[in-house]
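Structure at a glance
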Amino acid sequence: MVKYSQGDLVFQAVVLFLLTIIAVACAYPMLYVLSMSISDSVKIAVNPVLLLPRGFSLKAMALLFENPSIWRYYGNTVFYTVFGTAIRIIMTVLLAYPISRKTFGGRNPIAGFAIFTMLFSGGMIPTYIIINKLGLYNTIWSILLPGAISVYYAIITRTFFASLPDSLVESAKIDGANDFTILFKIIIPISKAILATLAIFYSVDLWNSYLPALLYLPNSNLHPLQMFLVKILINNDPQLLGSMEMGLDRLFLGDQLKYACIVAACLPILCVYPFFQKHFTQGVMLGSLKE
């Protein structure tokens, strides 16, 4: 049995206290938003929500999904997330694998150039001009292609690939396999942990992204779900709050619909995350090892 000194016990108690405060600070806003979205609108008008729901009602959720435009926003977001994540994983792997191989002569210049882009960028206006000149403006490609590689994630992936035994690559080359065969038939099948990590990183980034759509997509039919949130929470667009008639329902449900929209936007990605959690933790730890 391990014996702890008094100083160790005090330190652990302080750490536990601080972590409890952080956990409560993180959990309270989520619980508050959920409670607001499912509370009875009349009861919260009289007695505001502090933590737990006041009554129970899904009227706000029902009215939110009665609006046909939200389904279009949802579909766009799912499309951008799925295909954008696939593109980003492919591009990240194609960058990370070559610079992870010690036998590749250009690994240091390419890695240095990639890291340079982390420190310096053209900025918003030059990026806007480039996207416009390339014909990507007001198309789905303005969401899918820019930012197709995150150098930070590529470095994590490179470190993971570098931690794999060199004997795998050497034995495959002896058998006559080329680099693409080695990558797609040997390296990728044993790299599920880092691929799952990239998938959850990129999918969360894409799901929560709204600035590219705000800058490059004037066509509202192409907007993601986060633009719907911006219009409701910031612009307070009354046309997006459902087909309610003016009166008490509108008065009581107006703010509640905003919370319902936040829950509707966050719930899918929260449901997907637990399935990647095991691989996510393993991939981050392996990718953090020094080469």
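Residues numbered from 1 in each chain as written. Predicted model: local features only at pLDDT ≥ 70, side-chain atom pairs only at ≥ 80, totals over all residues. Heavy atoms only, no water.

Scanning the model with the defined rule gives two salt bridges in all. Arg-101 is paired through a salt bridge with Asp-166; the nearest N and O atoms lie 3.2 Å apart. Of the two residues, Arg-101 is situated in the loop between helix 4 (68-100) and helix 5 (107-119) and Asp-166 in helix 9 (residues 166-174); the sequence distance between them amounts to 65 residues. With a relative accessible area of 12%, Arg-101 lands in the buried category. Notably, a salt bridge pairs Asp-179 with Lys-173, separated by 4.0 Å at the nearest N-O pair. (Salt bridge = Lys/Arg side-chain N within 4 Å of Asp/Glu carboxyl O. Helix = DSSP H or I, 4+ residues; strand = E, 2+ residues; numbered from the N terminus. Buried < 20%, exposed > 50% of the residue type's maximum accessible area, 1.4 Å probe, protein only.)

For the rest of this paragraph, the subject is a nonpolar patch on the surface. Residues Val-24, Tyr-28, Leu-31, Leu-34, Leu-50, Leu-51 and Leu-52 make up a contiguous nonpolar surface patch of about 640 Å² in total accessible area. Structurally, Leu-34 is set in helix 1 (residues 6-38). On the accessibility criterion, Leu-34 (39% relative accessible area) is partly exposed. (Patch = residues over 30% accessible without salt bridge, like charges linked within 9 Å, V, L, I, M, F, W, Y side chains within 5 Å. Areas by Shrake-Rupley, 256 points an atom, 1.4 Å probe, with all protein chains shown as cover.)

On to the packing of aromatic side chains. All told, the structure shown has 18 aromatic pairs when counted by the stated rule. Geometrically, the ring pair formed by Phe-65 and Tyr-74 is stacked, given 6.3 Å between the ring centres and 20 degrees between the ring planes. Of the residues examined, Phe-65 reaches a relative accessible area of 25% and is grouped as partly exposed. Judged by its relative accessible area of 13%, Tyr-74 is buried. Summarising the aromatic geometry, the rings of Tyr-97 and Phe-161 are spaced 5.9 Å apart at their centres and angled 80 degrees between planes, so their arrangement reads as edge-to-face. Separated by 64 residues along the polypeptide, Tyr-97 in helix 4 and Phe-161 in helix 8 (residues 151-162) bring together distant segments of the chain. One exposure class covers both Tyr-97 and Phe-161, and it is buried. Grouping aromatic residues by their ring pairs yields a cluster made of Phe-65, Trp-71, Tyr-74 and Trp-207. Sitting above the plane of the Tyr-73 ring, Arg-72 keeps its charged end 5.2 Å from the centroid. (Phe/Tyr/Trp six-rings, centres within 6.5 Å; stacked < 30°, edge-to-face > 60°. Lys NZ or Arg CZ within 6 Å of the ring centre and 35° of its normal.)

What follows is about unusual backbone geometry. Positive phi, normally seen in glycine, also occurs at Asn-138, with a value near 65 degrees. Inspection of the secondary structure assignment puts Asn-138 in the loop between helix 6 (124-133) and helix 7 (141-144). For Asn-138, a relative accessible area of 30% puts it in the partly exposed group.

We now examine the nonpolar core. Leu-64, Ile-70, Tyr-74, Leu-225, Phe-228 and Cys-261 are the most contacted members of the largest nonpolar core, which has 20 residues in total. Those elements that place two or more of their residues in this core are helix 3 (59-66), helix 4, helix 13 (225-233) and helix 14 (248-287). In terms of residue count, the dominant contributor to this core is helix 14 (seven residues). Contact partners of Tyr-74, with chain neighbours within four places excluded, come to Phe-65, Trp-207, Leu-225, Ala-264, Ala-265 and Pro-268. Ranked by size, the runner-up nonpolar core spans 19 residues in total, among them Ala-96, Phe-161, Ile-182 and Leu-198. (Core = buried A, V, L, I, M, F, W, Y, C linked by side-chain atoms within 4.5 Å. Contact = heavy atoms within 4.5 Å.)

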